[in-house]
Amino acid sequence: MIALELKNVRKNFGKTEIIRGVDLAVQAGERVAIIGPNGAGKSTLFNLISGRFEPSSGEIWLGEHRIDGKKPFEINRLGLSRSFQITNIFPKLSVFENLRCAVLWKLGYKYTFFKFLADLEDANDRAEALMERIRLDKKRDVLAVNLTYAEQRALEIGITIAGGADVVLLDEPTAGMSKSETKRFIQLIREVTEGKTLLTVEHDMGVVFGLADKIAVVVYGEVIAFDTPEAVRANAKVQEAYLGSAVAESQAAH
Amino acid sequence: MALTKTHYEFKPYNVARWIIWGLFALILLLAPKLFNSNLSVSMLSQMGVAIIACLSYNMLLGQGGMLSFGHAVYTGLGSYVAMHALLAAGSGSLPVPVTLIPLVGGLGGMFFAVLFGYVSTKKSGTTFAMITLGMAELVFAMSLMFSEFFGGEAGVSGNRVVGESFWGITYGPQIQVYYLTAAYTLVCVALMYAFTRTPLGRILNAVRDNPERVEFIGYNTQHVRYLAFIIAGFFAGIAGGLASVNFEIVTAEVVGSGRSGAYLLFTFLGGATFFFGPIIGAVLMVLAFVLLSELTKAWLLYLGLVFLFMVMYAPGGISSLIMMNLRLAAFGRLKQIWVAYVGLGVTALIGLAGTAAMIEMVYHLQLNTTASPELVFAGIALNATSFNSWFGSVFVMLTGFGLFELARRQYLHDWEETQVYIEKEIKRREAL
């Protein structure tokens, strides 16, 4: 079953073509890593899928729903959630409140103001459980702005998975982390996205080849390869365009 | 209801919360016994009105991050609607008891919030602020155009003693109006506090912090802002309705930008980051408008100075200062720093006295040109044209502010020490 499908998606900013006809079909439960050089359009692709930008042409399907042109909150309600490359949390709310906010819509509380949060046992239990899963339970009442960088990244993931979306997009989840932090963090991502369809933008080749079932290589706004890690590694076009560079080779060696 | 818990959970009553609300009710009940002159009871009524108005404003500013320059539109139009309802009740065409007139004002405020809010809450940030400013000007301009509703220059006046007396309550005496106001204040404050603990209230905080992310957890930020705006409009309207019953007259200035500015200023002074901040601000607002304006013609200038210093040195307002020092007290460190506070207070007063003397002399020269240049300031005879008075004032001011700067440095030093101590203490407790 196809969880997410892009059909000839294009995006122009003015006259500049950023995404030049992307076709991509992700099966339910697959873990897909999107790689490519800087400025290839990886983040733009995420922004198009999640509704931050509207594609100039083409179609995006989430299961049986066509989602291109829909607002981010509508797409989120259909079961797609994303994280951000630059940490995007609620700085003046506590860790617990951050997570509780993120579960409210999914649990059907919508815009209600005739119920007390303290009485919403399912929301509170779910937020508590999430907090343990992302290992921030000791920081329950700390304001998000006062967390360390790695903790904020974990909270970012927590907010993303809180609503229980089936399709999860992670935009460079390990950006700016140290090697040891990255290792632990990848383990965390593995755990919390169990059984979900995962798309992730990642720079660290060690991470990519370890985490992903499939790799999509984006170069100049086009997907030049979409296959298993082994096949992508062997792909001549990919080697030429991306992995051939000295930097990537040294990274891949890890 | 389905039982989601399989085990018994001990949920103690939040004793501290009950004590605080009990105290608040008690203060509302006993305040007119302590301050029982006509002026004080009238001021206390105004404070109740201002508390509701400032808290409703803070629903936008502090909780939703919406900087509105036109909140008086909703209190003011609430006032007008309530006044017309009162007139209709007086002529017998509308069977509404006076007790419920403020509620009619609330519905009026809400109606206009539904109408205007639809436009202004489409945007956030600076655009939102600009639209509210435009709305405020628009409504004020209309108040001069539609004199049937706004009553033109003279405004609309009415009589709050309407219908049969009920258990001796006629709302003739001011004290009865005070208790009506106090009851509304207690209920509205409780309701607005309750709002902060609901899903919508919390998502509103999230919209304040990071509207973009809210869109990606399933919420339409525009809708959240709109709903909050309507609720704030409702409470603002109640405040306006109470003001109508209290003053028995409504003039166009209640929708004016000056009033809107006052809500912003005093909500900020009280502190927008804590729920109770605007209550302090509201009390100060009435004190400033009624007492300070009697004391000196330059009161707006002093108000501006206070606002300026607050924004620069304590952007969290008075409530955040209180909370910071409560934290200190909780760690038993207040005794270490109170001397510094006395120093700050005394030196600030000296500096202020010198400054105020000069301000008063300038005002005296400008406003009382025909009178003699002599005036009395704080019990001291000054001559606005003499060198001695000016020299003395400058001397006092410079001495005061010079000492203040020294006191401030000492205070900062002491404050740092206490903070270091508290950090260590927190670490120590965590390690236990």
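Residues numbered from 1 in each chain as written. Chains lettered and ligands numbered in written order. Predicted model: local features only at pLDDT ≥ 70, side-chain atom pairs only at ≥ 80, totals over all residues.

1. Comments concerning the overall build of chain B
Within chain B, the regular secondary structure consists of 16 helices and 4 strands. Taking 432 residues into account, the globule formula puts the C-alpha radius of gyration at 22 Å, and chain B, at 25 Å, falls close to it. With the principal axes as the frame, chain B shows a C-alpha extent of 75 × 65 × 45 Å. By the burial criterion, 41% of the 432 residues in chain B qualify as buried. In chain B, the share of contacts with a sequence separation of at least 24, taken over all contacts with a separation of at least 6, comes to 78%. (Helix = DSSP H or I, 4+ residues; strand = E, 2+ residues; numbered from the N terminus. Rg over C-alpha atoms; globule rule 2.2 N^0.38 Å. Buried ≥ 20, exposed ≤ 12 C-beta atoms within 10 Å, placed from the backbone. Contact = placed C-beta atoms within 7 Å.)

2. Considerations on the overall build of chain A
Counting its regular elements, chain A contains 10 helices and 10 strands. At 19 Å, chain A has a C-alpha radius of gyration in line with the 18 Å of a compact globule built from 254 residues. Along the longest, intermediate and shortest principal axes, the C-alpha atoms of chain A span 60 × 40 × 35 Å. Restricting to contacts in chain A with at least 6 residues of sequence separation, those with at least 24 account for 65%.

3. Here we look at the interface of chain B and chain A
In this assembly, 25 residues from chain B lie in contact with 31 residues from chain A. Counting only elements with at least two residues in the side of chain B that touches chain A, the list comes to helix H8 (199–209), helix H9 (211–215) and helix H10 (221–247) of chain B. Partitioned by chemical class, the residues of the side of chain B that touches chain A number 10 nonpolar, 8 polar and 7 charged. (Nonpolar A, V, L, I, M, F, W, Y, C, P; charged D, E, K, R; others polar.)

4. Side note on H10 of chain B
Side chains three or four residues apart in an α-helix point the same way, a direct result of the helix having 3.6 residues per turn. Residue and element names in this part refer to chain B. An ideal rise of 1.5 Å per residue puts 39 Å on 27 residues; H10 measures up with 38 Å between its terminal C-alpha atoms. Taken across its 27 residues, H10 has 23 buried, putting it largely inside the fold. Taken from the residues just after H10, Glu248 is the one with a positive phi, measuring 60°. (Expected span 1.5 Å × (residues − 1).)

5. What about the sheet that holds strand S9 (residues 214–219) of chain A?
Residues and elements named next belong to chain A. Ordered in space as S6-S7-S8-S3-S9-S10, the 6 strands form an open sheet in which the pairing is mixed. Both edges of this open sheet fall to strand S6 (80–82) and strand S10 (222–227), since each of them pairs with a single strand only. Direction aside, neighbouring strands of the sheet carry axes that sit 15° apart on average. Bridge count between S9 and S10: 5 bridges; the pairing is antiparallel. When the bridges of S10 are listed, Ala216 appears paired with Phe226. Along the sheet face, helix H1 (residues 42–50) touches strand S3 (31–35), S6, strand S7 (167–171), strand S8 (197–201) and S9 and points at about 145° away from the line of S7. (Pairing = 2+ DSSP bridges. Axes fitted to C-alpha atoms, helices over the stretch in contact; angles between N-to-C directions.)

6. Section: the domain arrangement of chain B
Residue and element names in this part refer to chain B. Each domain of chain B was delimited in the assignment, giving domain 1 (15–318) and domain 2 (331–431). Once you take the C-alpha centre of each, domain 1 and domain 2 turn out to be 33 Å apart. Contact with domain 1, which involves 4 residues of that partner, is made by 4 residues of domain 2. Across the side of domain 1 that touches domain 2, the residue classes tally to 2 nonpolar, 1 polar and 1 charged. (Domains from an automatic or database assignment.)

7. Notes on the pairing of strand S2 (residues 16–27) of chain A
In regular strands, side chains alternate between the two faces of the sheet. All names here are of chain A. Here 9 bridges tie strand S1 (residues 2–13) to S2, and the two strands are oriented antiparallel to one another. Bridging across to S2, Arg10 finds its partner in Arg20. In this antiparallel pair of consecutive strands, S1 and S2, the connection spans 2 residues, and Gly14 shows a positive phi of 65°.

8. A word on the nonpolar core
Residue and element names in this part refer to chain B. Membership of the largest hydrophobic core comes to 177 residues, with the highest contact counts inside it found for Ile52, Ala53, Val73, Ile203, Phe235 and Ala282. Per-element tally for this core: the top contributor is H10, with 15 residues. Ala356, Ala357, Met361 and Leu382 belong to the second-largest nonpolar core, a separate cluster that totals 5 residues. (Core = buried A, V, L, I, M, F, W, Y, C linked by C-beta atoms within 7 Å.)

9. Overview of the packing of helix H2 (residues 38–64) of chain B against H10 of chain B
Residues and elements named next belong to chain B. It is the contact of H2 with H10, at a shortest axis distance of 9 Å, that shows an interaxial angle of 170°. By the angle class used here, H2 and H10 are roughly antiparallel. Each of Ser45, Gln46, Gly48, Val49, Ile52, Ala53, Leu55, Ser56, Met59, Leu60 and Gly64 in H2 lies in contact with H10, whose residues at this interface are Arg225, Ala228, Phe229, Ile231, Ala232, Phe235, Ala236, Ile238, Ala239, Leu242, Ala243 and Asn246. A class-by-class count of the residues in the contact of H2 with H10 yields 16 nonpolar, 6 polar and 1 charged. (Parallel < 35°, antiparallel > 145°, perpendicular 65-115°, else oblique.)

10. Examining the environment of Val96 of chain B
All names here are of chain B. Position of Val96 relative to the elements: it lies in the loop between helix H3 (72–91) and helix H4 (101–120). Residues Val96 and Leu86, spaced 10 residues apart in sequence, show a C-alpha to C-alpha distance of 8.1 Å. Each residue touching Val96, except ones within four places of it in the same chain, is listed here: Ala85, Ala89, Ile101 and Val104.

11. A few points about the sheet that holds S1 of chain A
The sheet built from 4 strands is open, its strands ordered S2-S1-S4-S5 (chain A) with antiparallel pairing. The sheet is open, and its two edges are formed by S2 and strand S5 (65–66) of chain A, each paired on a single side.

12. Some thoughts on helix H16 (residues 387–431) of chain B
Residues and elements named next belong to chain B. Its 45 residues give H16 an end-to-end C-alpha distance of 65 Å, which sits within 8% of 66 Å, the value for a rise of 1.5 Å per residue. Buried within H16 we find Ser389, Ser393, Gly400, Phe404 and Ala407. Check the buried side of H16 and you find it contacts helix H15 (338–367) and strand S4 (380–383).

13. Points about the environment of Ile60 of chain A
If you trace the backbone, Ile60 of chain A turns up in strand S4 (residues 57–62). Expressed as a C-alpha distance, the spacing of Ile60 of chain A and Leu24 of chain A, which sit 36 residues apart in the sequence, is 9.4 Å.

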